[in-house]
Structure formats: C-alpha cells, structure tokens
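A look at the structure
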Amino acid sequence: MEVIEAIRTRRSVREFTDEPVLDEQLDILIDAGRWAPSGLNNQPWRFMKITKPELIEKVSEYTKYRGVVAGAKALIAVFLDGQSIYDRTKDVQSAGAAIQNILLAAHELGLGAVWLGEILNRRNEVESILKVPAEFELMALVALGHPRSRERSGVRHQLESFIIPPPD
Ligand SMILES: Cc1cc2nc3c(=O)[nH]c(=O)nc-3n(C[C@H](O)[C@H](O)[C@H](O)COP(=O)(O)O)c2cc1C
C-alpha cells in the first residue's frame, strides 16, 4: 500500500470480529511504532501488548469507550518513559508519531484500530492495573482487531480552511 493512500484510507475502527490478533502482528505494529521519529532520537516510547481477555476486560472499565475496548482482540498501551524524556512537548509529539505509525501499519495488515485517549482521564488507575513502573506515563491505548465490515466514511474540513497565509 502506498503511504499517501494508506493515510487517506485509514479510518478508526471500533467494532471487531472474533478473529484473534497474532503476536507476530503486534510485533509488526510495535516495530512500526519504534521507527517513528523522535527528538534527539531519544525514542521515549514504551509499548505493552495486552491480549489476555481478562485484562482487556479490566482495562475497559476505565473508559466510557468500554464497549470498544472490551470488544478488542488486543490492545497496545503506549507510554512515555520518564527516564528517556528530555522535552515534554517534543516527547509527547514523538509518542503521537509512534501511535500514528501503529495505526497505519495496522491498516496495511488489514487490521482495524482506534486511538483511545479518553481513558487518560483515569490514567493513574490504568497505570496501576497495568503495573508499570512509576516513571511510565500512559499516552494512549490502541484497540485492535479484525474490522467488522461496514462503510466507514472519513470527514475532514476543506484543505483551504487549514492554511493560513504567510506574512508579506
Ligand atoms: C488524541 C486522540 C484521542 C482519541 N481518543 C479517542 C477515544 O477516546 N475514543 C474514540 O472512540 N476515538 C478516539 N480517537 C479517534 C478519533 O475520534 C478519530 O481519529 C477521529 O474521529 C477521526 O476519525 P478517523 O480516525 O476515522 O479518520 C482519538 C484520536 C486521537 C488522535
């Protein structure tokens, strides 16, 4: 798949079939994540693969998108490692780049995925359930599975509306 086509056709997928996501597929996604750019190439991200149904179910209790999480066949939790960070803005941006890489790689593999941020409202509780070291900060969950087939149309404002004129 061409990159621009992948960017244009990727959609958030929130409904999944019962087909499992393989560990090798998760590794491909995390590999795509780690090849994201980062400031000073500090690679501040850390990833957790979550596939045990009981743990997925437990995590789902901490977001209003409970149904999306509970229906996922796998989650990738993306963290910033406090020991690797150097500039908060840039480190968070780097994590976002890694997450986008994961979404695009999932799209190429034919998997469905959605970036979940609302769960950060209960970040501390989720970090505690996932038993990560205190210096790890949850950035997002990516919920994954094989997409239930249905039309998913993307919506964006007109290109021109995002472009601001440079000064004379
Ligand atoms: C930072 C961020 C947080 C998001 N959080 C959630 C979320 O908590 N729940 C959800 O269903 N979708 C979430 N999304 C997905 C967006 O709703 C989705 O990307 C947007 O509606 C555009 O749709 P598309 O991805 O299909 O193009 C999030 C996306 C981003 C980038």
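See the structure shown above.
Residues numbered from 1 in each chain as written. Predicted model: local features only at pLDDT ≥ 70, side-chain atom pairs only at ≥ 80, totals over all residues. Heavy atoms only, no water.

Remarks on the overall build of the protein
Helices and strands together make up the secondary structure of the protein, namely six helices and four strands. Reading the protein from its N end, one meets helices and strands in the order α-α-β-α-α-β-α-β-α-β. Whereas a compact globule of 168 residues would reach a radius of gyration of roughly 15 Å, the protein reaches 17 Å, a difference of no more than 12%. Within the protein, buried positions represent 42% of all 168 residues. A sequence separation of at least 24 residues applies to 79% of the contacts in the protein between residues at least 6 apart. On the protein, roughly 10100 Å² of surface is accessible, and the fraction owed to carbon and sulfur atoms is 53%. Of note, the protein has its 21 positive side-chain charges centred 4 Å away from the centre of its 24 negative side-chain charges. (Helix = DSSP H or I, 4+ residues; strand = E, 2+ residues; numbered from the N terminus. Rg over C-alpha atoms; globule rule 2.2 N^0.38 Å. Buried < 20%, exposed > 50% of the residue type's maximum accessible area, 1.4 Å probe, protein only. Contact = heavy atoms within 4.5 Å. Areas by Shrake-Rupley, 256 points an atom, 1.4 Å probe, with all protein chains shown as cover. Lys, Arg positive; Asp, Glu negative; His and termini not counted. Charge placed at Lys NZ, Arg CZ, Asp CG, Glu CD.)

Focus on the site of the ligand
Near the ligand the following residues occur: Arg10, Arg11, Ser12, Arg14, Tyr65, Val114, Trp115, Leu116, Gly117, Glu118 and Arg156. Within the side chain of arginine 10, a nitrogen or oxygen atom sits 3.0 Å from an oxygen atom of the ligand. One of the side-chain nitrogen or oxygen atoms of serine 12 is found 2.6 Å away from an oxygen atom of the ligand. For the ligand, whose free accessible area comes to 620 Å², the fraction covered by protein is 64%. Of the residues contributing to the shell around the ligand, the split by class is four nonpolar, two polar and five charged. (Near = heavy atom within 4 Å. Polar contact = N/O pair within 3.5 Å; in protein donor to acceptor, adjacent residues only side chain to side chain. Nonpolar A, V, L, I, M, F, W, Y, C, P; charged D, E, K, R; others polar.)

Some remarks on the packing of aromatic side chains
Aromatic ring pairs are reported here in terms of the distance separating the ring centres and the angle at which the planes meet. What the rule picks out here adds up to one aromatic pair. Measuring from ring centre to ring centre gives 5.9 Å for phenylalanine 79 and phenylalanine 136, while their planes differ by 45 degrees; the resulting arrangement is tilted. Of the two residues, phenylalanine 79 sits in strand 2 (residues 74-81) while phenylalanine 136 sits in strand 4 (residues 136-145), which places them 57 residues apart along the sequence. For phenylalanine 79, a relative accessible area of 2% corresponds to the buried category. Exposure remark for phenylalanine 136: the relative accessible area of 16% places this residue in the buried category. (Phe/Tyr/Trp six-rings, centres within 6.5 Å; stacked < 30°, edge-to-face > 60°.)

Focus: a nonpolar patch on the surface
Judged by side-chain polarity, Val3, Ile4 and Ile7 come together as a nonpolar surface patch covering roughly 310 Å² of accessible area. Structurally, the position occupied by valine 3 is in helix 1 (residues 3-9). Judged by relative accessible area, which is 58%, valine 3 ranks as exposed. (Patch = residues over 30% accessible without salt bridge, like charges linked within 9 Å, V, L, I, M, F, W, Y side chains within 5 Å. Salt bridge = Lys/Arg side-chain N within 4 Å of Asp/Glu carboxyl O.)

Here's the deal with the nonpolar core
Formed by 23 residues in total, the largest nonpolar core has its most connected members in Val59, Leu75, Leu130, Leu141 and Ala143. Of all the secondary-structure elements, those providing two or more residues to this core are helix 3 (53-60), helix 4 (66-71), strand 2, strand 3 (112-116), helix 6 (123-130) and strand 4. Ignoring any residue separated from it by four or fewer positions in sequence, one finds leucine 75 in contact with Met48, Lys49, Ile50, Ile56, Val59, Val69, Leu141, Val142 and Ala143. Among the nonpolar cores identified, the runner-up in size contains 20 residues, and Val78, Leu103, Met139 and Ala140 belong to it. (Core = buried A, V, L, I, M, F, W, Y, C linked by side-chain atoms within 4.5 Å.)

Description of the environment of asparagine 101
Here asparagine 101 is to be found in helix 5 (residues 88-108). Residue class for asparagine 101 comes out partly exposed when judged on its relative accessible area of 25%. As a C-alpha pair, asparagine 101 and isoleucine 30 span 71 residues in sequence and 8.7 Å in three-dimensional space. Residues within four places of asparagine 101 in sequence aside, it is in contact with Ala32, Gly33, Trp35 and Ala36. Within the structure, asparagine 101 has its side chain in polar contact with the backbone oxygen of alanine 32 (distance 2.9 Å).

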